[in-house]
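Notes for the structure review
One-letter residues, chain by chain:
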Amino acid sequence: MIALLQRVTQASVTIDGICVAEIGCGLLAFIAVEPADHERHLIRMADKLLGYRIFADEHDRMNLNVMQSGGGVLLVPQFTLAANTDDGLRPNFSTAARPEMARDYFTRLATLIKERHQPVACGVFGADMAVALVNAGPATFHIRIS
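To keep things clear, this report deals only with the structure shown in the data block. Because the structure is predicted, anything quoted here is derived from the model rather than measured. (Residues numbered from 1 in each chain as written. Predicted model: local features only at pLDDT ≥ 70, side-chain atom pairs only at ≥ 80, totals over all residues. Heavy atoms only, no water.)

Observations regarding the nonpolar core
Rule in force here: Here the nonpolar core consists of buried residues drawn from Ala, Val, Leu, Ile, Met, Phe, Trp, Tyr and Cys, with membership extended through side-chain atoms lying within 4.5 Å. Three exposure classes are used, based on accessible area relative to the maximum for each residue type with a 1.4 Å probe and protein chains only: buried under 20%, partly exposed in between, and exposed over 50%. What counts as a helix is a DSSP run of H or I of at least four residues, what counts as a strand is a run of E of at least two, and both are numbered from the N terminus. Should any heavy atoms of two residues lie within 4.5 Å, those residues are considered in contact.
Of all hydrophobic cores here, the largest spans 28 residues; its most connected members are Ile31, Met45, Leu49, Leu75, Leu109 and Ile113. Contributions of two or more residues to this core are made by strand S1 (2-15), strand S3 (26-32), helix H1 (39-51), strand S6 (72-77), helix H3 (99-116) and strand S7 (120-122). If you tally residues by element for this core, the top one is H3, at 6 residues. Setting aside its immediate chain neighbours within four residues, Ile113 contacts Ala46, Leu49, Leu50, Leu75 and Val120. By size, the runner-up hydrophobic cluster in this structure holds 12 residues, among which are Val8, Ala11, Leu74 and Ala121.

Shown next as structure tokens:
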């Protein structure tokens, strides 16, 4: 399972001109599922997303997680993160999970996070989404759970 995390001051997902999800300050996480992912990957990813210390404390050091900072979480499914880009000039998506599995795991990850933290907003699996964000820092992190 792969996540690309961005610390944001705001982020939103729009589909066909309609905003379907948005947060203020918090964490934007693009999520990709891989064929070898299992339940333990979901749990570890939820723990990592909620516990990752990328928000400033009173000394302006990255010491707080999203829950401690009081920020929101916006989860966006993005299978292209799992692309194999090693060869040629075109990505190969055979390394991404099949859509049925990816949808199920994305939904289950969102549920795990919502059980522990609010607010949580989600993009729409399989939709053509326009994601807008203001990256704070900028601070962007790549996480792979295997």
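Now, onward.
Points about H1
Threshold: Given a helix with a known number of residues, its expected span is that number minus one, times 1.5 Å. Comment: arc refers to directions from the helix axis out to C-beta atoms.
Between its terminal C-alpha atoms H1 stretches 18 Å, which fits the 18 Å expected from 13 residues at 1.5 Å a residue. Along H1, the residues classified as buried are His41, Leu42, Met45, Ala46, Leu49 and Leu50. Within H1, the buried residues cover an arc of 150° as seen down the axis, which keeps them to one side. Against the buried residues of H1 lie S1, S3, helix H2 (66-69), S6, H3 and strand S8 (130-144).

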